[in-house]
Amino acid sequence: MKLNNLKKKLGLPSVPESQSDDGEGKRFNYRLFIISAAAIVVVFGFYRVVISLIESEKIGVIYYYAMMWTYAIFAGGFFIAVIVLNRGFSTKPYTADMLPDDWDYQKKREFLASDAKRRKISKILLIPCVAFILVFLFEIIEVYYLPMIESLLETLANA
């Protein structure tokens, strides 16, 4: 709160209460961070194991294509599931006032309960979705941009 008062005196915009530095804001979710990191390590680890087996010629290149198509199907499936369960890209939760007037109280209550359950499931499905998308992002960087960066650094080192 002291920071906001100082900013007001100086004419600077103040920090919202939920983001203030006195510890009253949202806490960092360590459990979610650890689960997300573990999902990324598992997905990326399996990817790198297959790549190393291909490079050592223990398995054929066809497995690389099969793995990438499988990863693409999983990433797309998780992404579509998250969108469907969220009922689009809406982040605003439904309230009873938003529902049709001809619905009775019980039906509205069931809909709102199912909406909360669907959002919880979509948050869980978002974790592997992000892991698969990060693997694809790394693959794009490794295949397309890493050779350019290496050649640039080699040119700079020789100059």
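All residue numbers here refer to positions counted from 1 along the written sequence of the relevant chain. In view of the model being predicted, local features appear only for residues whose pLDDT reaches at least 70, and side-chain atom pairs are presented and counted only at 80 or more, with totals across whole chains, interfaces and linings using the full set of residues. As a convention, hydrogens and water are excluded, and side-chain values are obtained from all of the structure's heavy atoms.

Caption draft 1: Here's a closer look at helix α4 (residues 105-158). Each helix corresponds to a stretch of at least 4 residues labelled H or I by DSSP, and each strand to a stretch of at least 2 residues labelled E; elements are numbered beginning at the N terminus. A helix is expected to span 1.5 Å multiplied by its residue count minus one. The end-to-end C-alpha separation of α4 is 75 Å, in line with the 80 Å expected for 54 residues at 1.5 Å each. What is called the bend at a residue is the angle between a pair of axes, fitted to the seven residues leading up to and ending at it and to the seven starting from it. Roughly 50° is the biggest bend found in α4, and it falls at Y145, with proline P147 one to four residues downstream. Note on exposure labels: buried denotes an accessible area under 20% of the residue type's maximum, exposed denotes more than 50%, and partly exposed covers the range between, all computed with a 1.4 Å probe on protein chains only. Inspection of α4 places K108, F111, D115, R119, S122, I127, C129, A131, F132, V135 and E139 among the buried residues, and these make up the whole buried set. Should any heavy atoms of two residues lie within 4.5 Å, those residues are considered in contact. Its buried side turned inward, α4 meets α2 (30-55) and α3 (62-86).

Caption draft 2: Representation of the packing of α2 against α3 within the structure. Helix axes are fitted only over the stretch in contact, all axes being lines through C-alpha atoms; the angle between N-to-C directions runs from 0 to 180 degrees. Remark: α2 packs on α3, axes separated minimally by 10 Å, with the N-to-C direction vectors making an angle of 165°. In terms of orientation, α2 and α3 fall into the roughly antiparallel class. The two elements α2 and α3 meet at a crossing, and its hand is left-handed. Along its contact with α2, which presents V43, F46, Y47, V50, I51 and I54, the element α3 presents Y63, Y64, M67, M68 and Y71. Partitioned by chemical class, the residues of the contact of α2 with α3 number 11 nonpolar, no polar and no charged. With respect to orientation, any angle under 35 degrees is reported as roughly parallel, any angle over 145 as roughly antiparallel, any angle of 65 to 115 as roughly perpendicular, and every other angle as oblique. Put simply, a crossing is left-handed when the front helix is turned counterclockwise from the back one by less than a right angle, and right-handed when it is turned clockwise. Three categories are distinguished: nonpolar for Ala, Val, Leu, Ile, Met, Phe, Trp, Tyr, Cys and Pro, charged for Asp, Glu, Lys and Arg, and polar for the others, with Gly belonging to the last.

Caption draft 3: Looking closely at the pattern of salt bridges. A pair is scored as a salt bridge if a Lys or Arg side-chain nitrogen falls within 4 Å of a carboxyl oxygen belonging to Asp or Glu. By the definition in use, this model includes 2 salt bridges. Of the charged contacts in the structure, one is a salt bridge between R48 and E142, with a shortest N-O distance of 3.1 Å. Pair noted here: R48 is in helix α2 and E142 is in helix α4, with a separation of 94 residues, a long-range link. Overall, E142 belongs to the partly exposed group, its relative accessible area being 24%. With a shortest N-O distance of 3.5 Å, R119 and D115 are connected by a salt bridge. Of this pair, R119 and D115 both sit in helix α4, 4 residues apart, which is roughly one turn of the helix.

Caption draft 4: Representation of the packing of aromatic side chains in the model. Each pair of aromatic rings taken from Phe, Tyr and Trp, with Trp reduced to its six-membered ring, is defined by centres within 6.5 Å and is described as stacked if the planes are under 30 degrees apart, edge-to-face if over 60, and tilted in the remaining cases. This model, assessed by the stated rule, comprises 11 aromatic pairs. On the numbers, 4.9 Å between centres and 75° between planes, the contact of F28 with Y30 is edge-to-face. Comparing F28 with Y30, the two get one shared label, exposed. Pairing Y64 with Y65 gives two aromatic rings, centres 5.5 Å apart and planes at 70°, and the pair type is edge-to-face. One aromatic cluster is present, built from ring pairs that chain together F46, Y71, F74, F78 and F132.

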